[in-house]
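Listed below, chain by chain, are the residues.
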Amino acid sequence: MRRLLLAAAFLWAGTATARAAAVIDWVGGGGCDNKWQTAACWTPAQVPVAADTVTVTIAANILTDPAAGTIQFSSMTLGKFDGSAVVSLTISTTITAANGKLTIYKNSGLTFNNKSTSTLLSVAMFSGSSMTHADHDFGVAAMAADVNLKVLGDFDLKAGATVTVSQRGFSRGSGGPGYCGASTGTGAGQCDQYGSAGS
């Protein structure tokens, strides 16, 4: 009986460390260095994990530390529907969120600053939102960054939203009827490997 109780105690101790899913809001302010992986930038003060709902509804220029590993979430919203919050998120690592839903509202955007593949379940980009990659040096043959995004479900590119890949930055690949990995794609927003999409 004693051994059974001890085993149960160890099992409880091992599972008690797992954090429950949370709604985590970006607050910035003092102690925040504008990096995703800094707990002081969020409320509650913890870095988002795969089960969390993430919202950024105040003006912010958020960076990711490539040395700190991938970023995760269950859902993430950048900006506000009315466009009153200007939010920029630069991905220098990867997004690993096979069950993650990303929503980008007017005046907010996502910039990829590497060539690694990021994975999401779905993406919804509203009018006035943007997605792009970091600038390239045209004197260098190899691309430094591209839009290398794997969406397992729907990519809803609404009229007026833009995916800009004007400097050799859209990663080729195969996909569904809305994919834009070759030269053009079908769907609400058409994509051009060297131009913009959805406008």
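What you see is a predicted model; the values in this text were computed from it and never measured.

A. Molecular detail of the state of the cysteines. With the rule as written, the count across this model stands at one disulfide. At a sulfur-sulfur separation of 2.1 Å, the disulfide partner of Cys32 is Cys41. With the S-S bond torsion at 100 degrees, the cross-link from Cys32 to Cys41 turns out right-handed. Using a relative accessible area of 17% as the deciding quantity, one classes Cys32 as buried. By relative accessible area, Cys41 is classed as buried at 0%.

B. Spotlight on the pattern of salt bridges. For the structure on display, the rule yields one salt bridge. In this structure, the salt-bridge partner of Asp156 is Lys158, at a minimum N-O distance of 2.8 Å. A relative accessible area of 31% means that Asp156 is categorised as partly exposed. Look at Lys158 and you get partly exposed, because its relative accessible area is 27%.

Calculation notes
Residues numbered from 1 in each chain as written. Predicted model: local features only at pLDDT ≥ 70, side-chain atom pairs only at ≥ 80, totals over all residues. Heavy atoms only, no water. Disulfide = S-S within 2.5 Å. Buried < 20%, exposed > 50% of the residue type's maximum accessible area, 1.4 Å probe, protein only. Salt bridge = Lys/Arg side-chain N within 4 Å of Asp/Glu carboxyl O.

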